[in-house]
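Structure at a glance
Next come the chains, spelled out residue by residue.
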Amino acid sequence: MTDRIVLAYSGGLDTSVAIGWIAEATGAEVIAVAVDVGQGGESLETIRQRALDCGAVEAYVADARDEFATEYCMPALKANALYMDAYPLVSAVSRPVIVKHLVAAAQKFGATTVSHGCTGKGNDQVRFEVGVQTLGPELKCIAPVRDLALTRDKAIAYAEAKNLPIVTTKKNPFSIDQNVWGRAVETGFLEDIWNAPTKDVYDYTASPEFPPVADEVVITFKEGIPVAIDGHAVTPLQAIEQLNHRAGAQGVGRIDIVEDRLVGIKSREIYEAPGAMALIAAHKELENVTIEREQARFKKTVGQRWTELVYDGQWFSPLKRSLDAFIDDTQQHVSGEIRLELHGGRATVTGRRSETALYDFNLATYDTGDTFDQSMARGFIEIFGLSSKVASGRDQRAAEGN
Ligand code: ARG
(Lines give C-alpha, C1' and ligand atoms only; values in the text may rest on other atoms or scores of the structure.)
Protein backbone atom coordinates (compact mmCIF):
# COMPACT_ATOMS: atom_id res chain seq x y z
CA MET A 1 0.00 0.00 0.00
CA THR A 2 1.22 3.51 -0.80
CA ASP A 3 2.52 5.40 2.21
CA ARG A 4 0.27 8.19 3.48
CA ILE A 5 1.20 11.53 5.01
CA VAL A 6 -1.14 13.96 6.78
CA LEU A 7 -0.26 17.61 6.26
CA ALA A 8 -1.29 20.55 8.47
CA TYR A 9 -2.92 22.64 5.76
CA SER A 10 -3.74 26.36 5.98
CA GLY A 11 -5.00 26.92 2.46
CA GLY A 12 -2.15 29.38 1.76
CA LEU A 13 0.57 29.21 -0.86
CA ASP A 14 3.22 27.27 1.06
CA THR A 15 1.09 24.41 2.28
CA SER A 16 -0.80 24.23 -1.03
CA VAL A 17 2.51 23.68 -2.82
CA ALA A 18 3.63 21.32 -0.06
CA ILE A 19 0.93 18.82 -1.07
CA GLY A 20 2.53 18.11 -4.44
CA TRP A 21 6.05 18.74 -3.24
CA ILE A 22 5.82 16.08 -0.52
CA ALA A 23 4.10 13.63 -2.85
CA GLU A 24 6.86 14.00 -5.46
CA ALA A 25 9.71 13.86 -2.95
CA THR A 26 8.43 10.82 -1.03
CA GLY A 27 6.07 8.98 -3.35
CA ALA A 28 3.43 9.12 -0.61
CA GLU A 29 -0.22 10.16 -0.82
CA VAL A 30 -0.97 13.42 0.98
CA ILE A 31 -4.02 14.05 3.15
CA ALA A 32 -4.66 17.70 3.96
CA VAL A 33 -5.84 18.59 7.47
CA ALA A 34 -7.32 22.06 8.09
CA VAL A 35 -8.27 23.05 11.63
CA ASP A 36 -10.32 26.15 12.34
CA VAL A 37 -9.08 27.79 15.54
CA GLY A 38 -10.80 31.08 14.78
CA GLN A 39 -8.24 32.41 12.30
CA GLY A 40 -11.03 33.90 10.17
CA GLY A 41 -10.70 34.18 6.41
CA GLU A 42 -11.92 31.51 4.05
CA SER A 43 -14.51 28.85 4.87
CA LEU A 44 -13.39 25.33 5.68
CA GLU A 45 -15.25 24.12 2.60
CA THR A 46 -13.25 26.45 0.32
CA ILE A 47 -10.02 25.30 1.95
CA ARG A 48 -11.06 21.64 1.64
CA GLN A 49 -11.76 21.99 -2.06
CA ARG A 50 -8.47 23.78 -2.67
CA ALA A 51 -6.56 20.98 -0.95
CA LEU A 52 -8.20 18.45 -3.27
CA ASP A 53 -7.55 20.66 -6.31
CA CYS A 54 -3.88 20.85 -5.29
CA GLY A 55 -3.61 17.07 -5.31
CA ALA A 56 -4.52 15.89 -1.83
CA VAL A 57 -6.12 12.42 -1.89
CA GLU A 58 -8.31 13.31 1.08
CA ALA A 59 -9.07 16.49 3.00
CA TYR A 60 -10.01 16.49 6.67
CA VAL A 61 -11.42 19.73 8.07
CA ALA A 62 -12.43 20.44 11.66
CA ASP A 63 -14.18 23.37 13.24
CA ALA A 64 -12.22 23.35 16.50
CA ARG A 65 -13.11 26.87 17.62
CA ASP A 66 -15.10 25.89 20.72
CA GLU A 67 -12.68 23.12 21.60
CA PHE A 68 -9.76 25.53 21.24
CA ALA A 69 -11.40 28.25 23.33
CA THR A 70 -12.57 25.91 26.09
CA GLU A 71 -9.72 23.42 26.38
CA TYR A 72 -6.72 25.52 25.36
CA CYS A 73 -7.42 29.25 25.84
CA MET A 74 -9.22 28.83 29.18
CA PRO A 75 -6.32 26.97 30.84
CA ALA A 76 -4.07 29.80 29.61
CA LEU A 77 -6.44 32.31 31.19
CA LYS A 78 -6.53 30.40 34.49
CA ALA A 79 -2.71 30.47 34.47
CA ASN A 80 -2.68 34.20 33.51
CA ALA A 81 -0.19 32.96 30.94
CA LEU A 82 2.08 35.73 29.68
CA TYR A 83 5.45 34.52 28.34
CA MET A 84 8.20 36.95 29.35
CA ASP A 85 5.45 38.85 31.20
CA ALA A 86 4.02 39.97 27.86
CA TYR A 87 3.00 37.37 25.27
CA PRO A 88 -0.30 35.52 25.83
CA LEU A 89 0.86 32.35 23.98
CA VAL A 90 -1.32 32.88 20.92
CA SER A 91 0.45 30.43 18.60
CA ALA A 92 1.75 28.22 21.39
CA VAL A 93 -1.75 27.26 22.61
CA SER A 94 -3.07 26.59 19.10
CA ARG A 95 -0.44 24.00 18.13
CA PRO A 96 -1.55 21.27 20.55
CA VAL A 97 -5.18 21.35 19.33
CA ILE A 98 -3.97 21.16 15.73
CA VAL A 99 -1.71 18.26 16.70
CA LYS A 100 -4.67 16.44 18.21
CA HIS A 101 -6.54 16.66 14.92
CA LEU A 102 -3.45 15.73 12.88
CA VAL A 103 -2.96 12.58 14.92
CA ALA A 104 -6.68 11.74 14.73
CA ALA A 105 -6.57 12.19 10.95
CA ALA A 106 -3.42 10.07 10.67
CA GLN A 107 -5.15 7.27 12.55
CA LYS A 108 -8.36 7.63 10.55
CA PHE A 109 -6.63 7.53 7.15
CA GLY A 110 -3.85 5.11 8.03
CA ALA A 111 -1.00 7.59 7.64
CA THR A 112 2.50 6.87 8.92
CA THR A 113 3.79 10.44 8.90
CA VAL A 114 2.71 13.93 9.92
CA SER A 115 3.86 17.02 8.08
CA HIS A 116 3.73 20.79 8.74
CA GLY A 117 4.87 23.98 7.04
CA CYS A 118 7.22 25.28 9.75
CA THR A 119 10.81 26.34 9.19
CA GLY A 120 13.72 24.93 11.15
CA LYS A 121 14.24 28.13 13.15
CA GLY A 122 11.07 28.55 15.16
CA ASN A 123 9.16 27.18 18.11
CA ASP A 124 6.24 25.81 16.14
CA GLN A 125 8.19 22.88 14.61
CA VAL A 126 9.01 21.81 18.17
CA ARG A 127 5.41 22.18 19.35
CA PHE A 128 4.09 20.15 16.41
CA GLU A 129 6.64 17.38 16.57
CA VAL A 130 6.86 16.98 20.34
CA GLY A 131 3.05 16.89 20.36
CA VAL A 132 2.92 14.27 17.60
CA GLN A 133 5.60 12.15 19.31
CA THR A 134 3.54 12.19 22.50
CA LEU A 135 0.05 11.54 21.08
CA GLY A 136 1.14 9.24 18.26
CA PRO A 137 4.56 7.76 19.12
CA GLU A 138 4.34 5.48 16.07
CA LEU A 139 4.16 8.49 13.71
CA LYS A 140 7.09 10.11 11.92
CA CYS A 141 7.39 13.83 11.09
CA ILE A 142 8.52 15.65 7.97
CA ALA A 143 8.66 19.41 7.36
CA PRO A 144 9.05 20.27 3.63
CA VAL A 145 10.39 23.79 4.24
CA ARG A 146 13.02 22.46 6.62
CA ASP A 147 13.65 18.93 5.28
CA LEU A 148 12.77 19.10 1.56
CA ALA A 149 14.24 22.51 0.62
CA LEU A 150 10.88 24.10 -0.16
CA THR A 151 11.77 27.80 -0.24
CA ARG A 152 9.33 30.64 -0.92
CA ASP A 153 10.73 31.26 -4.41
CA LYS A 154 10.47 27.58 -5.29
CA ALA A 155 6.92 27.52 -3.95
CA ILE A 156 5.88 30.40 -6.20
CA ALA A 157 7.58 28.85 -9.23
CA TYR A 158 5.98 25.46 -8.49
CA ALA A 159 2.48 26.93 -8.06
CA GLU A 160 2.81 28.74 -11.38
CA ALA A 161 4.27 25.77 -13.24
CA LYS A 162 1.54 23.43 -11.97
CA ASN A 163 -1.18 26.04 -12.32
CA LEU A 164 -2.31 25.58 -8.72
CA PRO A 165 -5.52 27.42 -7.79
CA ILE A 166 -3.75 29.83 -5.46
CA VAL A 167 -2.70 33.47 -5.71
CA THR A 168 1.07 33.79 -5.92
CA THR A 169 1.38 37.47 -6.72
CA LYS A 170 0.28 38.96 -3.40
CA LYS A 171 3.53 39.44 -1.58
CA ASN A 172 2.88 39.82 2.12
CA PRO A 173 6.02 41.13 3.82
CA PHE A 174 5.02 39.56 7.14
CA SER A 175 4.68 36.09 8.54
CA ILE A 176 1.36 36.01 10.33
CA ASP A 177 -0.29 33.45 12.59
CA GLN A 178 -3.70 34.18 14.02
CA ASN A 179 -6.54 32.56 15.92
CA VAL A 180 -9.27 33.62 18.31
CA TRP A 181 -6.77 34.12 21.18
CA GLY A 182 -4.76 36.65 19.17
CA ARG A 183 -2.50 37.44 16.26
CA ALA A 184 1.27 37.19 15.80
CA VAL A 185 3.20 39.14 13.16
CA GLU A 186 6.90 38.82 12.42
CA THR A 187 9.61 39.20 9.73
CA GLY A 188 9.98 41.88 7.07
CA PHE A 189 11.08 45.31 8.30
CA LEU A 190 10.16 44.30 11.86
CA GLU A 191 13.42 42.32 11.92
CA ASP A 192 15.20 45.67 12.43
CA ILE A 193 14.24 46.00 16.08
CA TRP A 194 14.58 49.79 15.99
CA ASN A 195 11.76 50.04 13.42
CA ALA A 196 8.41 50.98 14.89
CA PRO A 197 5.47 48.91 13.61
CA THR A 198 3.50 50.62 10.87
CA LYS A 199 -0.31 50.77 10.75
CA ASP A 200 -0.62 47.88 8.29
CA VAL A 201 0.83 45.46 10.84
CA TYR A 202 -2.38 45.55 12.86
CA ASP A 203 -5.68 43.90 12.14
CA TYR A 204 -7.39 42.88 15.42
CA THR A 205 -6.98 46.32 17.02
CA ALA A 206 -7.75 49.91 16.11
CA SER A 207 -5.13 52.51 16.95
CA PRO A 208 -5.42 53.51 20.63
CA GLU A 209 -4.31 57.01 19.70
CA PHE A 210 -7.74 58.46 18.95
CA PRO A 211 -10.08 56.11 20.78
CA PRO A 212 -13.87 56.21 20.74
CA VAL A 213 -15.64 56.95 24.05
CA ALA A 214 -14.73 54.59 26.87
CA ASP A 215 -16.48 51.21 26.90
CA GLU A 216 -17.48 49.74 30.26
CA VAL A 217 -17.86 45.98 30.42
CA VAL A 218 -18.79 43.65 33.28
CA ILE A 219 -17.38 40.14 33.06
CA THR A 220 -18.82 37.38 35.24
CA PHE A 221 -16.48 34.50 36.09
CA LYS A 222 -17.28 31.09 37.51
CA GLU A 223 -14.30 29.14 38.84
CA GLY A 224 -11.90 31.19 36.74
CA ILE A 225 -13.88 30.97 33.49
CA PRO A 226 -15.89 33.84 31.95
CA VAL A 227 -19.56 32.85 31.86
CA ALA A 228 -21.34 36.14 31.16
CA ILE A 229 -20.67 39.56 29.66
CA ASP A 230 -22.83 42.45 30.81
CA GLY A 231 -25.19 39.88 32.29
CA HIS A 232 -25.62 37.84 29.10
CA ALA A 233 -24.46 34.23 29.26
CA VAL A 234 -21.52 33.41 26.98
CA THR A 235 -19.43 30.39 26.08
CA PRO A 236 -15.66 30.78 26.38
CA LEU A 237 -15.48 31.26 22.59
CA GLN A 238 -18.15 33.98 22.67
CA ALA A 239 -16.45 35.71 25.59
CA ILE A 240 -13.16 35.91 23.69
CA GLU A 241 -14.84 36.96 20.44
CA GLN A 242 -16.94 39.68 22.05
CA LEU A 243 -13.95 41.08 23.92
CA ASN A 244 -11.75 40.90 20.82
CA HIS A 245 -14.30 43.15 19.22
CA ARG A 246 -14.85 45.60 22.09
CA ALA A 247 -11.31 45.77 23.46
CA GLY A 248 -9.94 45.72 19.90
CA ALA A 249 -11.94 48.84 19.05
CA GLN A 250 -10.10 50.59 21.91
CA GLY A 251 -6.66 49.40 20.83
CA VAL A 252 -6.24 47.13 23.86
CA GLY A 253 -3.69 44.31 23.68
CA ARG A 254 -0.97 45.51 21.31
CA ILE A 255 2.38 43.98 22.25
CA ASP A 256 5.80 44.60 20.71
CA ILE A 257 8.62 42.45 22.13
CA VAL A 258 11.89 40.74 21.45
CA GLU A 259 11.40 37.26 22.81
CA ASP A 260 13.54 34.23 23.56
CA ARG A 261 12.69 31.34 21.27
CA LEU A 262 13.31 27.81 22.46
CA VAL A 263 15.89 27.28 19.70
CA GLY A 264 18.11 30.00 21.19
CA ILE A 265 17.29 32.84 18.82
CA LYS A 266 15.92 36.17 20.00
CA SER A 267 13.15 37.34 17.69
CA ARG A 268 10.99 40.42 17.37
CA GLU A 269 7.27 39.88 17.35
CA ILE A 270 4.18 42.07 17.29
CA TYR A 271 1.10 40.61 18.90
CA GLU A 272 -2.49 41.71 19.12
CA ALA A 273 -4.64 39.98 21.69
CA PRO A 274 -7.40 42.36 22.78
CA GLY A 275 -9.78 39.73 24.18
CA ALA A 276 -7.05 37.70 25.85
CA MET A 277 -5.44 40.73 27.50
CA ALA A 278 -8.77 42.11 28.75
CA LEU A 279 -9.73 38.69 30.14
CA ILE A 280 -6.37 38.20 31.83
CA ALA A 281 -6.57 41.67 33.44
CA ALA A 282 -10.03 40.90 34.79
CA HIS A 283 -9.17 37.36 35.88
CA LYS A 284 -5.99 38.43 37.69
CA GLU A 285 -7.91 41.00 39.71
CA LEU A 286 -10.65 38.54 40.62
CA GLU A 287 -7.91 36.23 41.86
CA ASN A 288 -6.55 39.08 43.99
CA VAL A 289 -9.94 39.31 45.65
CA THR A 290 -10.64 35.59 46.06
CA ILE A 291 -7.39 33.63 46.44
CA GLU A 292 -5.63 33.35 49.79
CA ARG A 293 -2.29 35.16 49.97
CA GLU A 294 0.14 32.22 50.14
CA GLN A 295 -1.75 30.24 47.52
CA ALA A 296 -1.74 33.31 45.27
CA ARG A 297 1.99 33.90 45.65
CA PHE A 298 2.79 30.30 44.83
CA LYS A 299 0.32 30.24 41.95
CA LYS A 300 2.23 33.04 40.28
CA THR A 301 5.34 30.86 40.16
CA VAL A 302 3.33 27.88 38.96
CA GLY A 303 1.66 29.98 36.26
CA GLN A 304 5.03 31.18 35.03
CA ARG A 305 6.40 27.64 34.81
CA TRP A 306 3.19 26.51 33.08
CA THR A 307 3.63 29.32 30.54
CA GLU A 308 7.23 28.35 29.79
CA LEU A 309 6.30 24.70 29.35
CA VAL A 310 3.53 25.60 26.91
CA TYR A 311 5.76 28.04 25.03
CA ASP A 312 8.40 25.31 24.80
CA GLY A 313 5.98 22.81 23.25
CA GLN A 314 5.39 20.70 26.37
CA TRP A 315 1.59 20.93 26.35
CA PHE A 316 1.17 17.16 26.66
CA SER A 317 3.93 16.67 29.25
CA PRO A 318 3.38 15.16 32.70
CA LEU A 319 4.64 18.30 34.47
CA LYS A 320 2.23 20.53 32.58
CA ARG A 321 -0.59 18.14 33.54
CA SER A 322 0.38 18.28 37.21
CA LEU A 323 0.55 22.08 37.15
CA ASP A 324 -2.91 22.14 35.53
CA ALA A 325 -4.23 20.21 38.52
CA PHE A 326 -2.73 22.75 40.92
CA ILE A 327 -4.04 25.71 38.93
CA ASP A 328 -7.53 24.19 38.66
CA ASP A 329 -7.59 23.71 42.41
CA THR A 330 -6.82 27.39 42.97
CA GLN A 331 -9.78 28.42 40.80
CA GLN A 332 -12.44 26.88 43.07
CA HIS A 333 -13.49 30.28 44.47
CA VAL A 334 -12.50 32.54 41.56
CA SER A 335 -16.10 33.50 40.89
CA GLY A 336 -17.73 36.90 40.72
CA GLU A 337 -17.79 40.00 38.59
CA ILE A 338 -15.16 42.41 37.35
CA ARG A 339 -15.95 45.75 35.80
CA LEU A 340 -13.43 46.91 33.21
CA GLU A 341 -13.07 50.19 31.46
CA LEU A 342 -11.76 49.71 27.95
CA HIS A 343 -10.26 52.90 26.65
CA GLY A 344 -7.29 54.19 24.67
CA GLY A 345 -5.27 50.97 24.67
CA ARG A 346 -5.98 50.06 28.29
CA ALA A 347 -8.24 47.61 30.05
CA THR A 348 -8.53 49.03 33.56
CA VAL A 349 -10.33 47.31 36.40
CA THR A 350 -12.75 49.73 38.08
CA GLY A 351 -14.83 47.38 40.22
CA ARG A 352 -15.01 43.87 41.66
CA ARG A 353 -17.83 41.94 43.33
CA SER A 354 -17.75 38.35 44.60
CA GLU A 355 -19.73 36.12 46.95
CA THR A 356 -16.52 34.20 47.61
CA ALA A 357 -14.29 37.24 48.20
CA LEU A 358 -11.69 37.16 50.95
CA TYR A 359 -11.84 40.93 51.04
CA ASP A 360 -13.52 41.76 54.34
CA PHE A 361 -14.78 45.33 54.57
CA ASN A 362 -14.83 45.27 58.37
CA LEU A 363 -11.21 44.15 58.55
CA ALA A 364 -10.06 46.67 55.93
CA THR A 365 -12.00 49.76 56.94
CA TYR A 366 -10.52 52.75 58.76
CA ASP A 367 -14.07 53.92 59.49
CA THR A 368 -16.65 52.70 61.97
CA GLY A 369 -17.30 48.98 61.86
CA ASP A 370 -13.61 48.11 62.22
CA THR A 371 -13.25 44.59 63.63
CA PHE A 372 -9.45 44.41 63.41
CA ASP A 373 -7.76 44.57 66.82
CA GLN A 374 -4.80 46.90 66.16
CA SER A 375 -3.20 46.10 69.52
CA MET A 376 -2.23 42.70 68.10
CA ALA A 377 0.03 44.34 65.53
CA ARG A 378 2.86 45.34 67.91
CA GLY A 379 3.56 41.80 69.10
CA PHE A 380 3.22 40.44 65.59
CA ILE A 381 5.83 42.86 64.24
CA GLU A 382 8.20 42.15 67.12
CA ILE A 383 8.16 38.41 66.45
CA PHE A 384 8.02 38.72 62.65
CA GLY A 385 11.20 40.82 62.66
CA LEU A 386 12.95 38.88 65.42
CA SER A 387 15.23 36.66 63.36
CA SER A 388 16.53 39.61 61.33
CA LYS A 389 16.98 41.63 64.50
CA VAL A 390 19.06 38.88 66.12
CA ALA A 391 21.17 38.49 62.96
CA SER A 392 21.68 42.22 62.68
CA GLY A 393 22.93 42.37 66.28
CA ARG A 394 25.45 39.64 65.49
CA ASP A 395 26.58 41.47 62.32
CA GLN A 396 27.13 44.72 64.19
CA ARG A 397 29.18 43.00 66.88
CA ALA A 398 31.28 41.31 64.21
CA ALA A 399 31.86 44.62 62.41
CA GLU A 400 32.96 46.29 65.63
CA GLY A 401 35.33 43.39 66.35
CA ASN A 402 37.12 43.96 63.00
N1 ARG B 1 6.90 33.72 18.33
C2 ARG B 1 5.58 33.23 18.59
C3 ARG B 1 5.63 31.86 19.19
O4 ARG B 1 6.59 31.17 19.03
C5 ARG B 1 4.68 33.28 17.40
C6 ARG B 1 5.09 32.49 16.20
C7 ARG B 1 4.01 32.51 15.20
N8 ARG B 1 4.38 32.64 13.86
C9 ARG B 1 4.41 33.78 13.14
N10 ARG B 1 4.45 33.65 11.88
N11 ARG B 1 4.36 34.97 13.65
O12 ARG B 1 4.70 31.46 19.85
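Residues numbered from 1 in each chain as written. Predicted model: local features only at pLDDT ≥ 70, side-chain atom pairs only at ≥ 80, totals over all residues. Heavy atoms only, no water.

- In the annotation of an unreviewed UniProt entry, the protein chain is listed under the name Argininosuccinate synthase and assigned to Crystallibacter crystallopoietes.
- Reading the Subcellular location (unreviewed entry) entry of the UniProt record for the protein chain gives the comment "Cytoplasm".
- One UniProt comment on the protein chain, placed under Pathway (unreviewed entry), says "Amino-acid biosynthesis; L-arginine biosynthesis; L-arginine from L-ornithine and carbamoyl phosphate: step 2/3." (UniProt positions renumbered as here; feature names shortened; annotations may be inferred.)

What about the pattern of salt bridges?
- Here the structure, examined in full by the defined rule, presents 30 salt bridges.
- With a closest N to O distance of 3.1 Å, Lys162 and Glu24 form a salt bridge. Linking Lys162 in the loop between helix H7 (152-161) and strand E6 (175-179) with Glu24 in helix H1 (residues 13-26), this pair joins segments that are 138 residues apart in sequence.
- A relative accessible area of 45% places Lys162 in the partly exposed class.
- Glu24 gets classed as exposed once you look at its relative accessible area, which sits at 52%.
- The residue Arg95 makes a salt bridge to Asp177 at a minimum N-O spacing of 3.0 Å. Linking Arg95 in helix H4 (residues 90-109) with Asp177 in strand E6, this pair joins segments that are 82 residues apart in sequence. Residues Arg95 and Asp177 agree in their burial class; the two are buried.
- Members of the salt-bridge network, linked through shared partners, are Arg95, Asp124, Arg127 and Asp177. (Salt bridge = Lys/Arg side-chain N within 4 Å of Asp/Glu carboxyl O. Helix = DSSP H or I, 4+ residues; strand = E, 2+ residues; numbered from the N terminus. Buried < 20%, exposed > 50% of the residue type's maximum accessible area, 1.4 Å probe, protein only.)

Considering the pairing of strand E1 (residues 4-8)
- With five of five residues buried, E1 is to be regarded as a mostly interior element.
- When E1 meets strand E2 (residues 29-36), the two strands line up parallel, connected through five bridges. Opposite Ala8, over in E2, you have Val33 as the bridge partner.
- Between the parallel elements E1 and E2, the chain passes through H1 in a crossover that is right-handed.
- Here three bridges tie E1 to strand E4 (residues 113-115), and the two strands are oriented parallel to one another. By the bridge assignment, Leu7 is partnered in E4 with Ser115. (Pairing = 2+ DSSP bridges. Right-handed = clockwise from strand over helix to strand, strands pointing away.)

Quick notes on the nonpolar core
- Residues Val6, Phe68, Leu89, Val93, Trp181 and Trp306 are the most contacted members of the largest nonpolar core, which totals 78 residues.
- Ranked by the residues each element gives to this core, the list is headed by H4, at eleven residues.
- Setting aside its immediate chain neighbours within four residues, Val6 contacts Ile31, Val33, Leu102, Ala105, Ala106, Ala111, Thr113, Val114 and Ser115.
- Core analysis: the second largest hydrophobic core is formed by 26 residues, Leu13, Val17, Ile142 and Leu150 among them. (Core = buried A, V, L, I, M, F, W, Y, C linked by side-chain atoms within 4.5 Å. Contact = heavy atoms within 4.5 Å.)

Some remarks on the site of the ligand
- Around the ligand sit 14 residues in total, of which Tyr87, Asn123, Ser175, Glu259 and Glu269 are the nearest.
- Within the side chain of Ser175, a nitrogen or oxygen atom sits 2.5 Å from a nitrogen atom of the ligand.
- Contacts to the ligand include Tyr271, whose side-chain N or O atom sits 3.2 Å from a nitrogen atom.
- Out of a free accessible area of 340 Å², the ligand has 94% covered by protein chains.
- Listing elements by their share of the shell around the ligand, those giving two or more residues are helix H5 (124-135), E6, strand E7 (182-186) and strand E12 (266-272).
- In terms of residues, the shell around the ligand owes the most to one element, E6, which gives three residues. (Near = heavy atom within 4 Å. Polar contact = N/O pair within 3.5 Å; in protein donor to acceptor, adjacent residues only side chain to side chain. Areas by Shrake-Rupley, 256 points an atom, 1.4 Å probe, with all protein chains shown as cover.)

Structural notes on the packing of H1 against H7
- As a packed pair, H1 and H7 sit with axes 9 Å apart at the nearest point and diverge in direction by 80 degrees. The angle between H1 and H7 places the two elements in the roughly perpendicular class. Where H1 approaches H7, its residues Leu13, Asp14, Val17, Gly20, Trp21 and Glu24 are matched on the opposing element by Arg152, Lys154, Ala155, Ile156, Tyr158 and Ala159.
- Partitioned by chemical class, the residues of the contact of H1 with H7 number seven nonpolar, one polar and four charged. (Axes fitted to C-alpha atoms, helices over the stretch in contact; angles between N-to-C directions. Parallel < 35°, antiparallel > 145°, perpendicular 65-115°, else oblique. Nonpolar A, V, L, I, M, F, W, Y, C, P; charged D, E, K, R; others polar.)

Observations regarding the sheet that holds E12
- Strand order in the open sheet formed by four strands is E6-E7-E12-E11, and the pairing between neighbours is antiparallel. In the strand order of this sheet, the two ends are held by E6 and strand E11 (254-260), each with one partner. Adjacent strand axes in the sheet meet at a mean angle of 20 degrees when their direction is disregarded.
- Bridge analysis of E6 against E7 gives five bridges, and the strand direction is antiparallel. When the sheet's bridge partners are listed, Ile176 is paired in E7 with Val185.
- Relative to E6, H4 is tilted by about 65 degrees, and along the sheet it contacts E6 and E7.

Here we look at unusual backbone geometry
- Backbone geometry at Asp85 places phi at a positive 60 degrees, although glycine is not the residue there.
- Among the secondary structure elements, Asp85 is positioned in the loop between helix H3 (65-78) and H4.
- Positioned with a positive phi, Leu89 is a non-glycine residue whose angle comes to about 60 degrees.
- By the element assignment, Leu89 lies in the loop between H3 and H4.

Examining the state of the cysteines
- For the structure shown, the criterion picks out zero disulfides.
- Distance from the sulfur of Cys73, which forms no disulfide, to the nearest cysteine sulfur (Cys118) is 18 Å.
- When its relative accessible area of 0% is taken as the criterion, Cys73 is described as buried.
- For Cys118, a relative accessible area of 12% translates into the label buried. (Disulfide = S-S within 2.5 Å.)

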